[in-house]
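Chain residues, written in single-letter form:
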Amino acid sequence: LFDGVYPFYPQQRKAFVFDVSTIIVIVVFLTFACSFLLIIPGIRGRARLYWTVRVLLSLVMGVVIVAVQFTGDWETGWVKANTSYKSFSRALVNADIGLHVGLAGVNITLMGNPVNQVNETINYNEHFAWSFDADYDHSYSEGLEKGLPSPILYVAEKFTMQSPCGVHRQYRISGHYASATLWVAFCTWLISNMLFSMPVLVYGGYMLLVTGAFMIFSLLSFSTVRNSPMCLIRFGTATLHIGYGGSFWLTLAIGLLCFVSGITVVTLHYFNLDLLKIFFDLHEDNVEEYQDMTEVFINPHFVSKGL
């Protein structure tokens, strides 16, 4: 208490799924997509459709690989409960409590039902980072000093280093390696696009397979957090359960898409190379290289001399 007044902390600034970094990534890739759509009318014939499919598909892969690095819904969970709101108070509030786990930290949300209760607006969203350049326990201590609502502090305490749950180290390391493998996948995605721009299509297909493999490795790295049993998060009789969120399943889908695309390119290279060249708009440019000589021109001057 401060002179008889309960501590109050204003609304948090960070969204639990989209933040500034995610929006910047999406805007950058949308700019590339719009720039391509401006030049697509200059491509003639069926090649226009092939270029559109290739470029948009590649941009979708790239934006997902980068964007999921900054999202906060690799694991999510919600629970509706009647719970205490503040320390030193017996007032109970009805609220939705959400837990959103990302690669670099955790977001905890608290939204009242209704939002206005006990003469306050109950609509909180707090971010606690555990990346290697952040101190999770320090962020938690700051939350205690600022007087965050009790449900948020209760959930955040489960991920501290001193917590008996012991999941902080596992989440931190798993998120770090998942992020690292995704950045490697982004590099291999760039290399695959460079190879597809040259007449070495099969190697571009191989790099797509490598991209998909690293995306799957990132999922395997993050899923190792399940090796550490999570403590129960109870609010009275209600329990908050978490499961894989949208970013996890989106990464899995794009990883499988990279595998399918890479296998298709490699298969066409060995069984139907002409179709593959048509799709990549290389067939017409290289037709003359594969044409047989159908006419022979003889210089009459040399024939007349018996040469």
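Just so we're clear, the structure is a prediction, and the values are computed from it rather than from any experiment.

Next up on the list: unusual backbone geometry. The step from Asn-113 to Pro-114 runs through a cis peptide bond, and the omega angle for that step is 0 degrees. Tracing the chain through its elements places Pro-114 in strand E3 (residues 105-117). Positive phi outside glycine occurs at Val-118, with the angle close to 45 degrees. With respect to the helices and strands, the residue Val-118 is situated in the loop between E3 and strand E4 (120-129). On the basis of relative accessible area, Val-118 is assigned to the partly exposed category, the value being 40%. One non-glycine residue, Asn-119, adopts positive backbone phi at about 60 degrees. With respect to the helices and strands, Asn-119 occurs in the loop between E3 and E4. Residue class for Asn-119 comes out exposed when judged on its relative accessible area of 86%.

All right, on to the environment of Gly-246 then. The topology assignment puts Gly-246 in helix H7 (residues 246-271). Sequence separation of Gly-246 and Trp-74 is 172 residues, and the distance between their C-alpha atoms is 6.4 Å.

Within the open sheet, the 5 strands sit side by side as E4-E3-E2-E1-E7. Their pairing is antiparallel. Looking along the sheet, the strands with just one partner apiece sit at the ends: E4 and strand E7 (243-244).

What follows concerns H7. Between its terminal C-alpha atoms H7 stretches 37 Å, which fits the 38 Å expected from 26 residues at 1.5 Å a residue. Among all positions in H7, only Ser-247, Phe-248, Thr-251, Ile-254, Gly-255, Cys-258, Ser-261, Gly-262, Val-265 and Val-266 are buried. On its buried face, H7 sits against helix H2 (47-67), helix H5 (168-196), helix H6 (201-223), E7 and helix H8 (273-279).

Under the feature "transmembrane region" (unreviewed entry), the UniProt entry names residues 20-39, 51-71, 91-110, 177-196, 202-225 and 246-271. End C-alpha to end C-alpha, residues 20-39 measures 29 Å, and it is 100% helix and 0% strand.

We now examine the pattern of salt bridges. In this structure the tally under the stated criterion is 1 salt bridge. The closest approach of N and O atoms between Glu-120 and Lys-86, which form a salt bridge, is 2.5 Å. You can see Glu-120 sitting in strand E4 and its partner Lys-86 sitting in the loop between strand E1 (75-84) and strand E2 (92-101), a full 34 residues away along the chain. By relative accessible area, Lys-86 is classed as buried at 13%.

Take helix H4 (residues 150-157) next. The buried fraction of H4 amounts to 6 of the 8 residues, a majority that puts the element mostly inside the structure. For H4, the full list of buried residues reads Ser-150, Pro-151, Ile-152, Leu-153, Val-155 and Ala-156. Buried residues in H4 make contact with E1, E2, E3, E4, helix H3 (136-146) and strand E5 (233-235).

So, about the pairing of E1. In this structure, E1 lies alongside E2, joined through 10 bridges in antiparallel fashion. Residue Lys-80 lies in a different strand from E2, and its bridge partner there is Asp-96. Here E1 runs beside E7; their pairing, made up of 2 bridges, is antiparallel. Bridged to Glu-75 within E7 is Tyr-244.

Relative to the helices and strands, Val-106 is located in strand E3. Looking at Val-106, the relative accessible area reads 0%, which means it is buried. Separated by 20 residues in sequence, Val-106 and Glu-126 place their C-alpha atoms 8.2 Å apart. Excluding its chain neighbours within four sequence positions, the residues that come into contact with Val-106 are Leu-99, His-100, Val-101, Glu-126, His-127, Phe-128, Trp-130 and Tyr-136.

Position of His-168 relative to the elements: it lies in helix H5. Given the relative accessible area of 6%, His-168 is considered buried. Ignoring sequence-local partners within four residues, the contact set of His-168 consists of Trp-130, Tyr-136, Phe-159, Thr-160 and Met-161.

Let us now look at the packing of helix H1 (residues 20-39) against H2. Following both chains from N to C, one finds H1 and H2 inclined at 170 degrees, their axes separated by 10 Å at the closest point. The angle between the axes of H1 and H2 places the two elements in the roughly antiparallel class. Packed against H1, whose contacting residues are Thr-22, Val-25, Ile-26, Phe-29, Phe-32, Ala-33 and Phe-36, the element H2 presents Trp-51, Thr-52, Val-55, Leu-56, Leu-59, Gly-62, Val-63, Val-66 and Ala-67 at the interface.

A separate point is the state of the cysteines. Scanning the entire structure with this criterion turns up 1 disulfide. Linked covalently through their sulfurs, Cys-165 and Cys-231 form a disulfide whose S-S length is 2.1 Å. Measuring the twist about the S-S bond at about -135 degrees, one finds the Cys-165-Cys-231 disulfide to be left-handed. Here Cys-231 lies in the loop between H6 and E5 and Cys-165 lies in the loop between H4 and H5, a separation of 66 residues in the sequence. Accessibility expressed as a relative area gives 11% for Cys-165, which makes it buried.

Parameters and conventions
- Residues numbered from 1 in each chain as written.
- Predicted model: local features only at pLDDT ≥ 70, side-chain atom pairs only at ≥ 80, totals over all residues.
- Heavy atoms only, no water.
- Helix = DSSP H or I, 4+ residues; strand = E, 2+ residues; numbered from the N terminus.
- Buried < 20%, exposed > 50% of the residue type's maximum accessible area, 1.4 Å probe, protein only.
- Pairing = 2+ DSSP bridges.
- Expected span 1.5 Å × (residues − 1).
- Contact = heavy atoms within 4.5 Å.
- UniProt positions renumbered as here; feature names shortened; annotations may be inferred.
- Salt bridge = Lys/Arg side-chain N within 4 Å of Asp/Glu carboxyl O.
- Axes fitted to C-alpha atoms, helices over the stretch in contact; angles between N-to-C directions.
- Parallel < 35°, antiparallel > 145°, perpendicular 65-115°, else oblique.
- Disulfide = S-S within 2.5 Å.

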